[in-house]
Structures are given as structure tokens and as C-alpha cells.
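Observations on the model geometry
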Amino acid sequence: QVRLVESGGGSAQPGGSLRLSCAASGFNLSMYVMHWYRQAPGKERELVATITDDNTSINYADSVKGRFTISRDNAKNTVFLQMNSLKPEDTAVYYCRRSGYPSYWGQGTQVTVSS
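Residues numbered from 1 in each chain as written. Predicted model: local features only at pLDDT ≥ 70, side-chain atom pairs only at ≥ 80, totals over all residues. Heavy atoms only, no water.

**Quick word on the pairing of strand E8 (residues 78-83)**
The cut-off we apply is this: The buried label goes to any residue with under 20% of its type's maximum accessible area, the exposed label to any with over 50%, and the partly exposed label to all in between, with areas taken from a 1.4 Å probe on protein chains only. Every helix listed is a DSSP run of H or I at least four residues long, and every strand listed is a run of E at least two residues long, numbered separately from the N terminus. Two strands qualify as a pair provided that DSSP identifies no fewer than 2 bridges between them.
Among the six residues of E8, five are classified as buried, and the element is accordingly described as predominantly covered. Two elements, strand E7 (residues 68-73) and E8, share six bridges in a ladder whose sense is antiparallel. Note on E8: the bridge partner recorded for Asp-73 is Thr-78. Linkage of E7 to E8, two consecutive antiparallel strands, is achieved through a turn of four residues, within which Asn-77 is found at a positive phi near 55 degrees.

**Things to note about the pattern of salt bridges**
Put simply, the rule is: In what follows, salt bridge is the name for a side-chain nitrogen of Lys or Arg lying within 4 Å of a carboxyl oxygen of Asp or Glu.
All chains considered together, the criterion is met by four salt bridges. Between Arg-38 and Glu-46 there is a salt bridge; the shortest N-O distance is 2.6 Å. A salt bridge links Asp-62 to Lys-65, with the shortest nitrogen-to-oxygen separation between them at 3.2 Å. The exposure class assigned to Asp-62 is exposed, which follows from its relative accessible area of 67%. One network of salt bridges, with partners in common, ties together Arg-38, Glu-46, Arg-67 and Asp-90.

**Side note on the packing of aromatic side chains**
The condition is simple: For this analysis, a ring pair means two rings from Phe, Tyr or Trp (six-membered ring only for Trp) whose centres lie within 6.5 Å, classed as stacked if their planes differ by under 30 degrees, edge-to-face if by over 60, and tilted for the remaining angles. Whether a charge sits over a ring depends on NZ of Lys or CZ of Arg being within 6 Å of the ring centre and within 35 degrees of the ring normal.
Going through the model one piece at a time under the given rule, you end up with three aromatic pairs. Plain terms: the ring middles of Phe-27 and Tyr-32 are 5.4 Å apart, the flat faces sit at 90 degrees to each other, and that makes the pair edge-to-face. By relative accessible area, Tyr-32 is classed as partly exposed at 22%. Aromatic pair Tyr-95 and Trp-105: ring centres 6.3 Å apart, planes at 85 degrees, arrangement edge-to-face. With a gap of ten residues between them, Tyr-95 in strand E9 (residues 92-98) and Trp-105 in strand E10 (residues 104-105) connect regions that are remote in the sequence. Aromatic rings pair up to connect Tyr-37, Tyr-95 and Trp-105 into one cluster. Directly above the ring of Trp-105 sits Arg-45, whose terminal nitrogen or CZ lies 4.6 Å from the centroid.

As C-alpha cells, then:
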């Protein structure tokens, strides 16, 4: 069955970095647009970054442009989110999502940025 498993979350200081991974199984990752979302306490889930199946188009939320980088390794069935220059407002649970119908979500990984 389709499964998405996020990892790499944790605690970081402001200005620090974390790299999130989303391991996909049960489907051919190379055929799907993939997304990273995040949800902070008391806030709605928001789209952070999107990458097309063939890497030809990448988009970011304005709040993370220039700091976050989404990438994918279709051969390893994994999508990544490199997060640099972290800010306290980046604190959230981060989720990966597979596009399509139906879409699928991972269980999320917590990122906490504080000094």
C-alpha cells in the first residue's frame, strides 16, 4: 500500500539547519508531484514547497524562499526538504504529500526552532 514516512525533524537553534526526508513506498515516486506542508500549533496547514515529477518545476511559499530547498531522488524513492537559516516561526509539524487522486499524507515530523 502507499506509504509516506517523514524523518529528520528535531530541534534546532535559530539560524541552524535541518534536512527532512520523506520515504515513499507502494507506488512509483517518479510519476507524482510531491509537496511539503507544515502546520504550526493553532494554525492551518500550509503548503511549503512543491516539486514536479521530473524536477522541471519547483515552487516555494514566500515565507521560506531562499532558505528551504526541496529535492527528490526518484531512484531512492525519497523526497527531501533542506531547511537553512531556520527561524522560530518555522516551528511546526512537517508533512509530505503525494499529489493525485487520492492524495496521500505522511504522519509528519516535528521541527522545533528555539534558542
